[in-house]
Amino acid sequence: MTLADILREEGMQEGLEKGIKEGLEKGRQEGASQALAKTALNQLTEKFGALPEHLKENIRQADLATLENILQNIFKYQSLDEVKKFLKH
């Protein structure tokens, strides 16, 4: 095995390890987002009743930070319009 082969193999191994680590982190974030979206939908439905389908979809697609903010402020919202405005930002 040549030095070039050894270096290439080490580089491939490092790249594989990095890819696995990044994939796991992305999976964790997606799982957390899905769990927070489900919780937000449940809480908003409990507070306001049936939710419009477009709002449900916007919440499902929201990023982790937005979902965390929605849940932190859920008791402050007086209407779904406040939630909708928050999702647009």
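Everything below is about the structure printed above this text.
Residues numbered from 1 in each chain as written. Predicted model: local features only at pLDDT ≥ 70, side-chain atom pairs only at ≥ 80, totals over all residues. Heavy atoms only, no water.

### Thoughts on the overall build of the protein
This is how the line gets drawn: Under the scheme used here, helices are H or I runs from DSSP no shorter than 4 residues and strands are E runs no shorter than 2 residues, and both carry numbers assigned from the N terminus. The buried label applies to any residue whose accessible area, calculated with a 1.4 Å probe on protein chains only, is under 20% of its type's maximum; exposed applies above 50%, and partly exposed to all values in between. Whether two residues are in contact is decided by their heavy atoms: any pair within 4.5 Å suffices. Working definition of accessibility: Shrake-Rupley area with a 1.4 Å probe, residue cover restricted to the visible protein chains.
For the protein, the count of helices and strands is four helices and zero strands. Mapped in sequence order, the helices and strands of the protein form the string α-α-α-α. Looking at the protein residue by residue over its 89 residues, the buried ones come to 20%. For the protein, restricting intrachain contacts to residue pairs at least 6 apart in sequence, the fraction spanning at least 24 positions comes to 62%. On the protein, roughly 6,700 Å² of surface is accessible, and the fraction owed to carbon and sulfur atoms is 53%.

### Concerning the nonpolar core
We count it as follows: Nonpolar cores are built from buried Ala, Val, Leu, Ile, Met, Phe, Trp, Tyr and Cys residues. Side-chain atoms within 4.5 Å join them into one set.
Among the nonpolar cores identified, the biggest contains 16 residues, and Leu44, Leu51, Leu55, Ile59, Ile70, Val83 and Leu87 are the most heavily contacted of them. Listing elements by their share of this core, those giving two or more residues are helix H1 (3-48), helix H2 (53-61), helix H3 (64-72) and helix H4 (80-88). When near neighbours in sequence (up to four residues on either side) are disregarded, isoleucine 59 contacts Ala37, Ala40, Leu41, Leu44, Leu67 and Leu87.

### Focus: the side chain of serine 33
With respect to the helices and strands, serine 33 occurs in helix H1. A relative accessible area of 16% means that serine 33 is categorised as buried. In this view, serine 33 contacts Asp63, Leu64 and Leu67; residues no more than four positions away in its chain are not counted.

### Focus on the pattern of salt bridges
Quick note on the threshold: Think of a salt bridge as a Lys or Arg side-chain nitrogen and an Asp or Glu carboxyl oxygen that are within 4 Å of each other.
Counted according to the given criterion, the structure contains three salt bridges. For glutamate 53, the salt bridge identified is with arginine 60, shortest N-O distance 3.6 Å. One network of salt bridges, in which partners are shared, links Glu53, Lys56, Glu57 and Arg60.

### Some words on the side chain of threonine 66
Tracing the backbone through its elements, the reader meets threonine 66 in helix H3. Given a relative accessible area of 15%, threonine 66 falls into the buried group. Excluding anything up to four places from it in sequence, threonine 66 contacts Phe86 and Leu87.

### Points about a negative patch on the surface
Let me state the cut-off plainly: Exposure above 30% relative accessible area and the lack of any salt bridge qualify a residue for a patch; like charges then connect within 9 Å, and the nonpolar side chains Val, Leu, Ile, Met, Phe, Trp and Tyr within 5 Å. Counted charges follow a simple rule, with Lys and Arg positive, Asp and Glu negative, and His plus the chain ends left uncounted. By convention, the point assigned to a charge is CZ for Arg, NZ for Lys, CD for Glu and CG for Asp.
Residues Glu9, Glu10, Glu14 and Glu17 make up a contiguous surface patch of negative charge. Locating glutamate 14 in the fold gives a position in helix H1. Its relative accessible area of 54% is what places glutamate 14 among the exposed residues.

### Thoughts on H3
Think of an α-helix as 3.6 residues a turn; residues three or four steps apart then line up on the same face. Just so we agree on the cut-off: In this description, the arc belongs to the directions extending from the helix axis to the C-beta atoms.
For H3, every residue scored as buried is listed here: Thr66, Leu67, Ile70 and Leu71. For H3, the arc enclosing every buried residue in end-on projection is 130°, short of the 170-degree limit, so these residues lie on one face.

### Concerning a nonpolar patch on the surface
Side chains of Met1, Leu3, Ile6 and Leu7 sit close together on the surface and give an oily, nonpolar patch of about 450 Å² of accessible area. Note on placement: leucine 3 falls in helix H1.

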